[in-house]
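Close look at the chain arrangement
Residue-level listing of the chains:
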Amino acid sequence: MHYEVNINGYPRFIMSWSALGRYDLTDTEIKMPYEIILAVSDVIEKNVSKKR
C-alpha cells in the first residue's frame, strides 16, 4: 500500500512501507527535511494501526 502526501510548501510525494520497517519516500529524487518524512511515517503508522 502507498500513500500520497501533500504538504503545503513541499512537492507532492508518495510513501510506502520500506525494508527499514517504516514508511519512506518512494522517489529518492525529492529533497525535503528528513524530520518531515519521519513525522509523516509516524502519522501513517498510527492511523493504520487504528484501522486494524
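Residues numbered from 1 in each chain as written. Predicted model: local features only at pLDDT ≥ 70, side-chain atom pairs only at ≥ 80, totals over all residues. Heavy atoms only, no water.

**Thoughts on the environment of Lys46**
Looking at where Lys46 falls in the secondary structure, it is placed in helix H1 (residues 34-51). Exposure remark for Lys46: the relative accessible area of 56% places this residue in the exposed category. Sequence spacing of Lys46 and Ile36 is ten residues, and the spatial spacing of their C-alpha atoms is 15 Å. (Helix = DSSP H or I, 4+ residues; strand = E, 2+ residues; numbered from the N terminus. Buried < 20%, exposed > 50% of the residue type's maximum accessible area, 1.4 Å probe, protein only.)

**A few points about the environment of Met1**
Note that Met1 resides in the segment before strand S1 (2-5). Note: C-alpha distance between Met1 and Asp42 (41 residues apart in sequence) is 15 Å. Once you skip the residues sitting within four places of it in the chain, Met1 turns out to touch Met15, Ser16, Trp17 and Tyr23. (Contact = heavy atoms within 4.5 Å.)

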